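Below, each chain spelled out in residue letters.
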Amino acid sequence: MQELDKVVHQWCDSNDRWMYIEYDRDGKVMGLNFMQGDDYEFFKESWCVSDQGLTEFYKQMLIHVCLRAKECTGTLLHKQLYVGIPLCELSS
């Protein structure tokens, strides 16, 4: 089982959203969520928990889009997909 190492709250100005990103000790994304809009207090109160569906979608796209997960970034994922909720670059 993955062990949580750190949580990042990342503002994505180009898409007007807050991202919630959980990383494991290897620096791999293990949980995601997002909230449209810039109300950081509301984001912290209501959106700082991993969304299992979004996280699973992200992990499946890593398998299908990326040759090697270590070479894959959220930017690459964003360029490859259009699903109505494009992600900012997921950086550790």
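Caption draft 1: Spatial organisation of the nonpolar core. Judged by nonpolar contacts, M19, I21, Y23, V29, L32, F34, L54, Y58 and L62 together constitute the single largest core of 9 residues. At the level of elements, β2 (17-24), β3 (29-36) and α2 (52-65) are the ones that each hand at least two residues to this core.

Caption draft 2: Molecular detail of the pattern of salt bridges. Scanning all chains against the criterion turns up 2 salt bridges. With a shortest N-O distance of 2.7 Å, R25 and E3 are connected by a salt bridge. On the criterion of sequence distance, the pair formed by R25 in the loop between β2 and β3 and E3 in the segment before β1 (4-12) is long-range, its members being 22 residues apart. Exposure remark for R25: the relative accessible area of 58% places this residue in the exposed category. Here E3 falls in the partly exposed class, since its relative accessible area comes to 47%. Close ionic contact of E41 with K44 constitutes a salt bridge, the shortest N to O distance being 3.2 Å. Within this pair, E41 and its partner K44 are both found in helix α1 (residues 40-46), separated by 3 residues, close to a single helical turn.

Caption draft 3: Summary view of the environment of D16. Considering the arrangement of structural elements, one finds D16 in the loop between β1 and β2. Considering only alpha carbons, one finds D16 and M35, 19 residues apart in sequence, at a separation of 8.8 Å. Excluding residues that lie within four positions of it along the chain, D16 makes contacts with W11, M35, Q36, G37 and D38.

Caption draft 4: Main features of the confidence of the model for the protein chain. Taken residue by residue, the protein chain gives an average pLDDT of 78. The fraction at 70 or more is 67%. Ranking the helices and strands of the protein chain by mean pLDDT puts α1 first, with 97, and helix α3 (residues 74-80) last, with 50. Scored below 50 in pLDDT, residues 77-86 makes 14 contacts in the model with residues more than four places away or belonging to other chains.

Caption draft 5: Just the side chain of T55, in detail. One can find T55 in helix α2. A polar atom in the side chain of T55 sits 2.9 Å from the backbone nitrogen of L32. With residues near it in sequence (within four places) discarded, T55 still touches M30, G31, L32 and S50.

The rules behind the values
- Along each chain, numbering runs from 1 in the same order as the chain's sequence is written.
- At least 70 in pLDDT is required for a residue's local features to be given in this predicted model, at least 80 for side-chain atom pairs to be given and counted, and no such filter applies to totals for whole chains, interfaces and linings, which use all residues.
- To get the side-chain values, take all heavy atoms of the structure and skip hydrogens and water.
- Here, the term nonpolar core denotes a set of buried Ala, Val, Leu, Ile, Met, Phe, Trp, Tyr and Cys residues that are joined through side-chain atoms within 4.5 Å.
- We call a residue buried when its accessible area falls under 20% of the maximum for its residue type, exposed when it is over 50%, and partly exposed in between, using a 1.4 Å probe and counting protein chains only.
- A run of DSSP states H or I qualifies as a helix once it reaches four residues; a run of E qualifies as a strand once it reaches two. Both are numbered from the N-terminal end.
- Salt bridges, as used here, are contacts in which a Lys or Arg side-chain nitrogen is within 4 Å of a carboxyl oxygen on Asp or Glu.
- Contact definition: two residues touch when any of their heavy atoms are within 4.5 Å.
- Residue-level confidence of the predictor is what pLDDT reports, using numbers from 0 through 100.
- Under this definition, polar contacts are N or O atom pairs within 3.5 Å; protein pairs additionally need one hydrogen-donor-capable and one acceptor-capable atom, and for neighbouring residues in sequence, both atoms have to be side-chain atoms.

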